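Results of the structural survey
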Amino acid sequence: MLYIARKIREPVVAQFSRKCQALTEEMTCSSCHPLMGTWEMKNVCPSLCNDWYKVCKDEYYAHSGAGTLTPCYGNALVCSPLKAITDNGANFCVLMGFHVGSEADAEGIDCFDGSVPEMIGEVEPTEPLQVRLQRMLEEEAENPSGLFIAGVFILITMVLMGRRLVRQIGDPFGGDQLSLEEVRRVQQERYERGEQMYDDETDSSSNEEMELRPTINQEIDETENNTSGTS
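Analysis parameters
Residues numbered from 1 in each chain as written. Predicted model: local features only at pLDDT ≥ 70, side-chain atom pairs only at ≥ 80, totals over all residues. Heavy atoms only, no water. Phe/Tyr/Trp six-rings, centres within 6.5 Å; stacked < 30°, edge-to-face > 60°. Helix = DSSP H or I, 4+ residues; strand = E, 2+ residues; numbered from the N terminus. Buried < 20%, exposed > 50% of the residue type's maximum accessible area, 1.4 Å probe, protein only. Disulfide = S-S within 2.5 Å.

Under the annotation held in an unreviewed UniProt entry, the protein carries the name Folate receptor-like domain-containing protein and is attributed to Peronospora effusa.

Our focus in this paragraph is the packing of aromatic side chains. Using the criterion set out here, one finds five aromatic pairs in the structure. Between F16 and Y61 the ring centres are 5.3 Å apart and the planes differ by 55°, which places this aromatic pair in the tilted class. You can see F16 sitting in the loop between α1 (2-13) and α2 (18-28) and its partner Y61 sitting in strand β2 (residues 60-63), a full 45 residues away along the chain. Each of the two residues, F16 as well as Y61, counts as buried.

The subject of this paragraph is the state of the cysteines. Under the counting rule described, the total for this entry stands at four disulfides. Linked covalently through their sulfurs, C45 and C111 form a disulfide whose S-S length is 1.9 Å. Judged by the torsion about the S-S bond (95°), the C45/C111 disulfide is right-handed. Here C45, found in the loop between β1 (43-44) and α4 (46-56), pairs with C111, found in the loop between β5 (99-100) and α7 (129-142); they are 66 residues apart in sequence, far enough to count as distant. With respect to burial, C45 and C111 carry one shared label: buried. Two residues, C49 and C93, share a disulfide whose sulfurs are 2.1 Å apart. One disulfide, between C49 and C93, carries an S-S torsion of -115° and so falls in the left-handed class. Remark: C93 occurs in helix α6 (residues 89-95) and C49 occurs in helix α4; sequence separation between them is 44 residues. In terms of burial, C49 and C93 fall into one category: buried.

Rendered as structure tokens:
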């Protein structure tokens, strides 16, 4: 696929005419034809080669290391217009690496003419989704891919985190929820504990205040005595 993509891009980079680019792309993609790709049809029709030559004869090409022609661009040292390299379409197709048929060949049947073929063979029956998923799981179980392993790991992590979250917030269906009576009982216990704590704090504060009062009175008396003695 990378080779085909590069071959399609070469005329674009070389700034060939639009017509030359289009026919070059069509010829490059001829291997996608069901008969050309399987070599049941090996030849290109001479008429298609002539059409290709006509729209590309003024474009510049160079000889590649494989002995075929390639669009001239980049760091190519020797480039020549196609019409200076060859003067006919059949030879042009050969120089581009294609096999050329004869004039007697039936176009589209015995040789590739650029047309889209009719449907060949029978349509495969559609596989039910459940059967397809089961087959995919069986294939992954035999030879698990990295993506499948990552998906299983994420699924297990989500399940564990979900269970932990449910435990924290309680079962929404009543498993960990308290009844109304239990809620009231818990609230009453908390209220009573709060009152007891408040009473304890109040008592301790009163005791501290009573302990501090004699000390304060004693300090006041000492201050008055000192003042009287000084006078």
